[in-house]
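# Close look at the chain arrangement
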Amino acid sequence: MLDGILIGLSTAVMPMNIFMVIVGCFVGTFIGMLPGLGPISAIALMIPISYGLDPSSGLILMAGVYYGAVFGGSTSSILINAPGCSSTVVTAFDGYPMAQKGQAGKALALAAYSSFTGGTLSAIMLLVAAPALATVSLSFQSSDYFALMLLGLSAVAAFAGKGQVIKAWMMTIFGLMLSTVGIDKGIGVERFTFGSTDLIDGFSFLLLAMATFALGETLMGILKPSKDTSQQESQKMNELGSMKISKEEFKEAAPVSIRSSILGFFTGVLPGAGATIAAFLSYGMERNLAPKDKKEEFGKGSIRGLVAPESANNAASSGSFVPLLTLGIPGSGTTAIMLGALISYGIQPGPRLFVDNPDIFWSVIISMYFGNIVLVILNLPLIPYISKLLMVPRTVLLPMILFFSITGVYLVSFNTIDVYIMIMIAMVAIALRLANFPLAPLLLGFILGGMMEENLRRALMISDGQLNFLWERPITLAFTSIAVLVLFAPLLTMAWKYFKGRKVDTSSSKAPQ
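Let me sum up the structure you'll find in this document. Values in this document were obtained by computation on a predicted structure and should not be read as measured data.

### Considering the overall build of the chain
- Along the backbone of the chain there are 24 helices and two strands.
- Here the contacts in the chain between residues at least 6 apart in sequence split such that 79% fall between residues at least 24 apart.

### What to know about the pattern of salt bridges
- All told, the structure shown has nine salt bridges when counted by the stated rule.
- Across the pair Asp 184 and Arg 191 runs a salt bridge, and its minimum N-O distance is 3.5 Å. Taken individually, Asp 184 and Arg 191 each receive the classification buried, so the pair is uniform in this respect.
- With a closest N to O distance of 2.8 Å, Arg 259 and Glu 286 form a salt bridge. Here Glu 286 lies in helix 12 (residues 274-289) and Arg 259 lies in helix 11 (residues 247-269), a separation of 27 residues in the sequence.
- Here Arg 259 falls in the partly exposed class, since its relative accessible area comes to 32%.
- Take Glu 286: its relative accessible area is 0%, and that puts it in the buried class.

### Here's the deal with unusual backbone geometry
- You will see that Phe 192, though not glycine, has its phi angle at about 55°, which is positive.
- Assignment of secondary structure puts Phe 192 in the loop between strand 2 (190-191) and helix 9 (205-223).
- Unlike most non-glycine residues, Asn 436 shows phi in positive territory, near 65°.
- By secondary structure assignment, the location of Asn 436 is in the loop between helix 21 (416-434) and helix 22 (440-462).

### Considerations on helix 21
- Between its terminal C-alpha atoms helix 21 stretches 28 Å, which fits the 27 Å expected from 19 residues at 1.5 Å a residue.
- Within the span of helix 21, buried status applies to Asp 418, Val 419, Ile 421, Met 422, Ile 425, Ala 426, Ala 429, Ile 430 and Leu 432.
- Positive backbone phi, approximately 65°, marks Asn 436, located one or two places after helix 21.

### Some words on the side chain of Ser 115
- With respect to the helices, strands and loops of the structure, Ser 115 is situated in helix 6 (residues 104-138).
- Owing to a relative accessible area of 0%, Ser 115 belongs among the buried residues under this scheme.
- Within the structure, Ser 115 has its side chain in polar contact with the side chain of Glu 310 (distance 2.9 Å).
- The contact partners of Ser 115, leaving out residues within four places of it in the chain, are Phe 71, Glu 310, Asn 314 and Asn 372.

### So, the packing of helix 7 (residues 142-154) against helix 22
- The N-to-C vectors of helix 7 and helix 22 enclose an angle of 155°; their axes lie 8 Å apart at closest approach. Taken together, the axes of helix 7 and helix 22 are roughly antiparallel relative to one another. Taken as a pair, helix 7 and helix 22 cross one another with a handedness that is left-handed. Seen from helix 7, the contacting residues are Ser 142, Ser 143, Tyr 145, Phe 146, Met 149, Leu 150, Gly 152 and Leu 153; seen from helix 22, they are Leu 444, Gly 445, Leu 448, Met 451, Met 452, Asn 455, Leu 456, Arg 458 and Ala 459.
- Of the residues assigned to the contact of helix 7 with helix 22, the class counts are eleven nonpolar, five polar and one charged.

### Notes on the packing of aromatic side chains
- This model, assessed by the stated rule, comprises five aromatic pairs.
- On the numbers, 5.6 Å between centres and 80° between planes, the contact of Phe 93 with Tyr 283 is edge-to-face. A residue pair is termed long-range when its members are at least 10 positions apart, and Phe 93 in helix 5 (residues 89-100) and Tyr 283 in helix 12 qualify at 190 residues. The burial state of Phe 93 is the same as that of Tyr 283; both residues are buried.
- Ring geometry for Tyr 283 and Phe 298: centres 5.3 Å apart, planes at 75°, overall edge-to-face. Taken together, the positions of Tyr 283 in helix 12 and Phe 298 in the loop between helix 13 (292-295) and helix 14 (303-319) put the pair 15 residues apart, joining distant regions of the chain.
- Given the relative accessible area of 3%, Tyr 283 is considered buried.
- Each member of the aromatic cluster is reached from another via a ring pair, and the members are Phe 93, Phe 280, Tyr 283 and Phe 298.
- The ring of Phe 437 has Lys 167 sitting right over it, with the charged end atom 4.9 Å from the ring centre.

### So, a nonpolar patch on the surface
- On the surface, Val 484, Phe 488, Leu 491, Leu 492 and Met 494 cluster together to form a nonpolar patch covering roughly 450 Å² of accessible area.
- With respect to the element layout, Met 494 can be found in helix 24 (residues 474-510).
- Look at Met 494 and you get exposed, because its relative accessible area is 52%.

### Some points on the nonpolar core
- Grouped together as the largest cluster of nonpolar side chains are 51 residues, with contacts concentrated most on Leu 59, Met 62, Phe 321 and Met 338.
- The residues contacting Leu 59, other than those within four sequence positions of it, are Leu 325, Met 338, Leu 342, Ile 360 and Val 364.

### Describing helix 5
- Taking 1.5 Å per residue as the helical rise, helix 5 with its twelve residues ought to reach 16 Å, and the 17 Å between its terminal C-alpha atoms agrees with that figure.
- Among the twelve residues of helix 5, eleven are classified as buried, and the element is accordingly described as predominantly covered.
- All buried positions along helix 5 are accounted for by Val 89, Val 90, Thr 91, Ala 92, Phe 93, Asp 94, Gly 95, Tyr 96, Pro 97, Met 98 and Ala 99.
- Among the residues trailing helix 5, Gly 102 stands out with phi positive, at a value near 85°.

### Some details on the side chain of Ser 114
- Along the polypeptide, Ser 114 turns up in helix 6.
- Engagement of the side chain of Ser 114 in a polar contact is seen with the backbone oxygen of Leu 110, the distance being 2.7 Å.
- Excluding anything up to four places from it in sequence, Ser 114 contacts Ser 257, Val 307, Glu 310 and Ser 311.

Reading guide: rules and limits
- Residues numbered from 1 in each chain as written.
- Predicted model: local features only at pLDDT ≥ 70, side-chain atom pairs only at ≥ 80, totals over all residues.
- Heavy atoms only, no water.
- Helix = DSSP H or I, 4+ residues; strand = E, 2+ residues; numbered from the N terminus.
- Contact = heavy atoms within 4.5 Å.
- Salt bridge = Lys/Arg side-chain N within 4 Å of Asp/Glu carboxyl O.
- Buried < 20%, exposed > 50% of the residue type's maximum accessible area, 1.4 Å probe, protein only.
- Expected span 1.5 Å × (residues − 1).
- Polar contact = N/O pair within 3.5 Å; in protein donor to acceptor, adjacent residues only side chain to side chain.
- Axes fitted to C-alpha atoms, helices over the stretch in contact; angles between N-to-C directions.
- Parallel < 35°, antiparallel > 145°, perpendicular 65-115°, else oblique.
- Left-handed = near helix turned anticlockwise from the far one by under 90°.
- Nonpolar A, V, L, I, M, F, W, Y, C, P; charged D, E, K, R; others polar.
- Phe/Tyr/Trp six-rings, centres within 6.5 Å; stacked < 30°, edge-to-face > 60°.
- Lys NZ or Arg CZ within 6 Å of the ring centre and 35° of its normal.
- Patch = residues over 30% accessible without salt bridge, like charges linked within 9 Å, V, L, I, M, F, W, Y side chains within 5 Å.
- Areas by Shrake-Rupley, 256 points an atom, 1.4 Å probe, with all protein chains shown as cover.
- Core = buried A, V, L, I, M, F, W, Y, C linked by side-chain atoms within 4.5 Å.

Following this line, the structure appears as structure tokens:
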């Protein structure tokens, strides 16, 4: 292992590879900032360029683009509530409210520091524990993955305000329903397509995310134009350059970032989990761990709510390289593209990669640490200039968001029907927002729906259609038990407060007058 690390270090510090890290981070950050263009689009653009490079340089370039795009995706989420990629959707929950309060500079700085922490800690953990983690991820079965997805869905309470738990569950079920549209991957039967060939592939996540967040926010801005815009803009203009983080804020953010980085890394290690699920899980975890006064800040510009997903999604990006390099299993759509690039080089990822190509394996891992340093150096000085996007007049900014949203969705499939569907979903999203329904659980249900169904089908096949798979394996039982506890925690809390209140009322009524 030590010999491999030394070989990887000597390869990673070559001038050409250092240059590839810088180029990858810069290109990835820029593409990640554009709403609708995520790491998959960024890496797809890099593949033709990487063919002219040797395997280690090509993979280092694509790795830099990957975590650069995740890093940059938070910018559009914070400034205009248009997530650059699916893993930065959660960043918008508290990042955008901070920007609306005139704290865009601070929000972007916190995102940069959190991303650096998540990326650095995950790179160190990846360096130390990659072989062991490969063995753990290989031992996961379909029942374990189903229970993990169940735990992810149970986190919907984290996105619900006071008294909104039922609404959050309803939106999660709505998201699960949307995920069933299209061809059933198990038996190849069309479901809920109503005879339309345009719905055979179902809805894309980008379409749903753009409709509910970017397009929905734009149309809400048109329906409810803000008053005293010039005064708000001048106030923001004065506060945009403030990136200073106080000691109190640092003390609050540091433990959150460390916890979320660890959770994000181990979530990323699981094949198929990815940075998006890591961001949702970390957000839910931190909201449940937060004190009562801090819990109420979530969704309104909470520092914890911004730091948690930013640390987790960057840590998960590095963690997803564990199944890719050690098992040959892509941990996300982005690493699936990288798997194809590796195979095109004539390299077969898997357990033999340690032995056959140690220079590629270890150089990619070591380059991640360099990449995180490059990202901070590149982005922190640019924050005051990036933040000026908020000073663009609404009459210019809203059409720009509309353009990027519609173009981004159209470029995925080159099908105009997707644009019409996006507009329809945006209209539904506006109605739901006006009725005070949270939209985040809808996205969570949609993301996890397909994977849950696939793993449930496999688990039922193995157990001959019986539900005993939920408690036969210790890992599955542990995840299922935690999911049930998290699911019913809000109801138990409400019941406890109700009975406690009744007890107080009874004792006060019995007291002598």
